[in-house]
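So the chains spell out like this:
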Amino acid sequence: MTRQPLRLGPPATVPECHDEVCITCSDVAVAVRVREVLAGGLAVVDTDAGPEEISVALVEAGPGDVVLVHAKEAIAVVERPS
């Protein structure tokens with residue numbers, strides 16, 4: 001039996017990095033404000049480069065919260081609106 005290569009679909013697009021800090025691939029966590037929470041544990045956040053989609057599956061975050069993001073994953077909520 002001959003094995004066929006697994007086809008996963010088109011390659012994922014990699015967002016363009018801006019300045020010296022990229023919330024997708026940097027080795028530091030970046031504080032960003034949640035603009036909107038989406039279905040599936042995702043959220044849109046405001047960054048210096050404009051809105052970006054991240055995962056908030058590990059934290060309980062809502063609009064207005066400031067979260068620390070590393071590799072497109074929110075890892076902590078550091079500020080909530082009063």
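Residues numbered from 1 in each chain as written. Predicted model: local features only at pLDDT ≥ 70, side-chain atom pairs only at ≥ 80, totals over all residues. Heavy atoms only, no water.

Undergrad: Sorry, what's going on with the overall build of the chain here?
TA: The helix and strand inventory of the chain stands at zero helices and five strands. Its helices and strands taken in sequence order, the chain reads β-β-β-β-β from the N to the C terminus. Per-residue burial over the chain gives 29% buried out of 82 residues. Carbon and sulfur atoms make up 53% of the accessible area of the chain, which amounts to about 6000 Å² in all. (Helix = DSSP H or I, 4+ residues; strand = E, 2+ residues; numbered from the N terminus. Buried < 20%, exposed > 50% of the residue type's maximum accessible area, 1.4 Å probe, protein only. Areas by Shrake-Rupley, 256 points an atom, 1.4 Å probe, with all protein chains shown as cover.)

Undergrad: Sorry if this is basic, but what is going on with the pairing of strand β4 (residues 66–70) here?
TA: It is a general feature of regular strands that their side chains alternate between the two faces of the sheet. Inspection of the sheet shows strand β1 (residues 30–38) paired to β4 by four bridges, in the antiparallel sense. Its bridge partner being in β4, Arg33 is matched across the sheet by Val66. Here β4 runs beside strand β5 (residues 73–79); their pairing, made up of five bridges, is antiparallel. From the neighbouring strand, His70 faces β5, where its bridge partner is Glu73. Between β4 and β5, which pair antiparallel one after the other, the connecting turn spans two residues, and Ala71 there sits at a positive phi close to 55 degrees. (Pairing = 2+ DSSP bridges.)

Undergrad: How should I be thinking about the nonpolar core in this particular structure?
TA: Within soluble globular proteins, side chains that are nonpolar tend to cluster in buried spots. If you look at the biggest cluster of nonpolar residues, it comprises twelve residues: Val30, Val32, Val34, Ala43, Val45, Ile54, Val56, Val59, Ala61, Val67, Val69 and Ala74. Of all the elements in the fold, those that place two or more residues in this core are β1, β2 (42–47) and β4. Tallying contributions element by element places β1 first for this core, with three residues. (Core = buried A, V, L, I, M, F, W, Y, C linked by side-chain atoms within 4.5 Å.)

Undergrad: How should I be thinking about the pattern of salt bridges in this particular structure?
TA: Side-chain pairs of opposite charge can arise whenever the charged atoms involved come near each other. Tallied over the entire structure, the rule returns three salt bridges. A salt bridge links Arg33 to Glu79, with the shortest nitrogen-to-oxygen separation between them at 3.6 Å. On the criterion of sequence distance, the pair formed by Arg33 in strand β1 and Glu79 in strand β5 is long-range, its members being 46 residues apart. On the basis of relative accessible area, Arg33 is assigned to the partly exposed category, the value being 38%. Residue classification places Glu79 among the partly exposed residues on the basis of a relative accessible area of 41%. Its salt-bridge partner being Arg35, residue Asp46 comes within 2.6 Å of it at the nearest N-O pair. One end of the pair, Asp46, is in strand β2; the other, Arg35, is in strand β1, with eleven residues separating them in the sequence. Judged by relative accessible area, Arg35 falls into the partly exposed class, the value being 45%. (Salt bridge = Lys/Arg side-chain N within 4 Å of Asp/Glu carboxyl O.)

Spatial relationships are all this shows, so hold off on functional conclusions.
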